[in-house]
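So the chains spell out like this:
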Amino acid sequence: MSRQSVRVRFAPSPTGFLHIGGLRTALFNYLFARRHGGQFILRIEDTDRTRFVDGAVENLLNALSWAGLSWDEGPKDNRIFNVKNVSHRQSDVYSSVVEVGEKGPYIQSERIELYRRYADELVQNGQAYYAFDTAEELTAMREAQTVAKQVPMYDRRALNLSASDVQKKISDGVPHVVRLKVPRGERIVFEDLVRGHIEIDTDTIDDQVLLKSDGFPTYHLANVVDDYLMGITHVIRGEEWLPSTPKHLLLYRAFGWKEPHFAHLSLLLNPDRSKLSKRQGDVSVEDYCLSGYTSEALVNFVALLGWNPGAGNTQEIFSLDALVELFDLSGINKAGAVFDRDKLDWMNGQYIKNMTVEDLYDCSIEFLSEKDFFLSASSECKTKEYLLRVLTLEQERLERLALVGDSHVFFFRTVSVNKDLLRWKNNSDQEIQEALTHMRMVVSNLSLVDWTREKLLEVLLGASGEKRGDFLWPLRISLSGEKKSPPPQDLLWVLGKEESLRRIDMAIALFDVEK
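It should be emphasised that the depicted structure is a prediction, and the values quoted were computed from it without experimental measurement.

A. Molecular detail of the domain arrangement of the protein. Here the domain parsing of the protein yields domain 1 (7–81 + 90–109 + 268–331), domain 2 (111–265), domain 3 (355–411) and domain 4 (419–509). The C-alpha centroid of domain 4 is placed 77 Å from the C-alpha centroid of domain 2.

Laid out in structure tokens, this is it:
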């Protein structure tokens, strides 16, 4: 394969947010292009205006950019893309979008006249024909076929019209479509790069509508025309498009064009092996972004859904560059890939662990700033220095950025200590108070220079001797107010000397004899 020959595309429809399955399709196209030194093109297929959602194009561009998938040609959001010194054109449809590349427009609604011209060419060559059936007539036809136990297909009644009848209807403005004239009694044969040898009998293929009555093309016509004119060499897409591939191959044949290679990816499945859907949880890239997953972790996880890096390779953490080096279509599985949210959480946690605490601060401060306990916290608890200490403790077990601070709310609020929770085993009130008083003295004698996790641990262990539970349990509870919390040396280190002594004093006061 020539390293310069590969051209692939990701062609989403702007019907909402980018589905996680769409991200995988985009990623596999990106990896394949980069692996072979080719071009990755983004195209917007927006000809189905009934499903169009305002803002969806911009959301798609932003989601792909967030995931780190750069494309060589196609629409760019001019609010974040630097167009200086880059050849581009302003989109006629989307004010915030510019298009980069020599084979545009890359937005299908800007190519309507092109599709009409190619549809007319097929009609003139006898490869397609005009049909004037109403919706009611088509419904009646299918119902009759169903009663007769026939597969519902267009019965080609429009082919009985004479050329003059057709021309008169068109001149009179009768609504019409253009249908592909599928040859009968033939077999469509192709090799799918994932699924292998496939054969389809043309007698099972309906005369597909190519141009709708509103003048807009169907997916089939626009897709084939665009892929050919944009020089696409490999079509890598979801398996839901596999049944349409014979129709597309027929169109390539009708135009006399060389067809690209096809590779159809398996579905993404829920744990119960049903198709991944909104009903069973988050499915859009934005959902995962807002839930606190890093783009690197999500891309890493999605790459391993239905693809493996090779026999014997048990590695699970891959950078985008590493994925490019390893990616090969032969590693794609035919079977559906189960989306394991627990595995994603684990993987995201690995990426969080490997961050510097400064990077973790930058990634998590937006999430933290929206939480009530943070908003109501004192100014001292909102300083970067303080938060870096909190995040140092959180980093080891934090799985999602959106959960930052949730397990350590006591760092941001005044704690209310349950007196009974301070008790270690059967220790008396006097023993608890004496233990806290002793630990307070030890802590108060420590200088700020020595206020480090290592020194605090050393001092606490030395002061508690062999009865660590008697001393360290009530100390930890006095600082956090929680049965489950970090060890006392970590609590002391984060809270600082002044706040730590204040909390210890409050706990000691619970045992003062009432007068």
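Structure's up, so let's keep going.
B. Structural detail: the environment of G37. Within the secondary structure layout, G37 lies in the loop between helix 1 (20–35) and strand 2 (39–42). A relative accessible area of 26% places G37 in the partly exposed class.

C. Seen up close, helix 6 (residues 219–229). Of all eleven residues in helix 6, nine are buried, a share of seventy percent or more. Lining the buried residues of helix 6 we find strand 1 (7–10), helix 3 (112–124), strand 10 (209–211), strand 11 (234–238) and helix 7 (245–255). Following helix 6 by one or two positions, G231 has its phi on the positive side, about 70 degrees.

D. The state of the cysteines, seen in detail. All chains considered together, the criterion is met by zero disulfides. C289 supplies the cysteine sulfur nearest to C363, a cysteine that is in no disulfide, at a spacing of 10 Å.

E. Region of interest: unusual backbone geometry. In the segment running from G104 into P105, the intervening peptide bond is cis, with an omega of 0 degrees. Along the chain, the position of P105 falls in the loop between strand 5 (97–100) and helix 3. Backbone geometry at R156 places phi at a positive 65 degrees, although glycine is not the residue there. By the secondary structure assignment, R156 is in the loop between helix 4 (135–147) and helix 5 (163–171). The phi torsion at R273 lies on the positive side, around 70 degrees, for a residue other than glycine.

F. Spotlight on the pairing of strand 9 (residues 196–201). With six bridges joining them, strand 8 (residues 187–192) and strand 9 adopt antiparallel strand pairing. Looking at strand 9, one finds that E191 is bridged to H197.

About the cut-offs
Residues numbered from 1 in each chain as written. Predicted model: local features only at pLDDT ≥ 70, side-chain atom pairs only at ≥ 80, totals over all residues. Heavy atoms only, no water. Domains from an automatic or database assignment. Helix = DSSP H or I, 4+ residues; strand = E, 2+ residues; numbered from the N terminus. Buried < 20%, exposed > 50% of the residue type's maximum accessible area, 1.4 Å probe, protein only. Contact = heavy atoms within 4.5 Å. Disulfide = S-S within 2.5 Å. Pairing = 2+ DSSP bridges.

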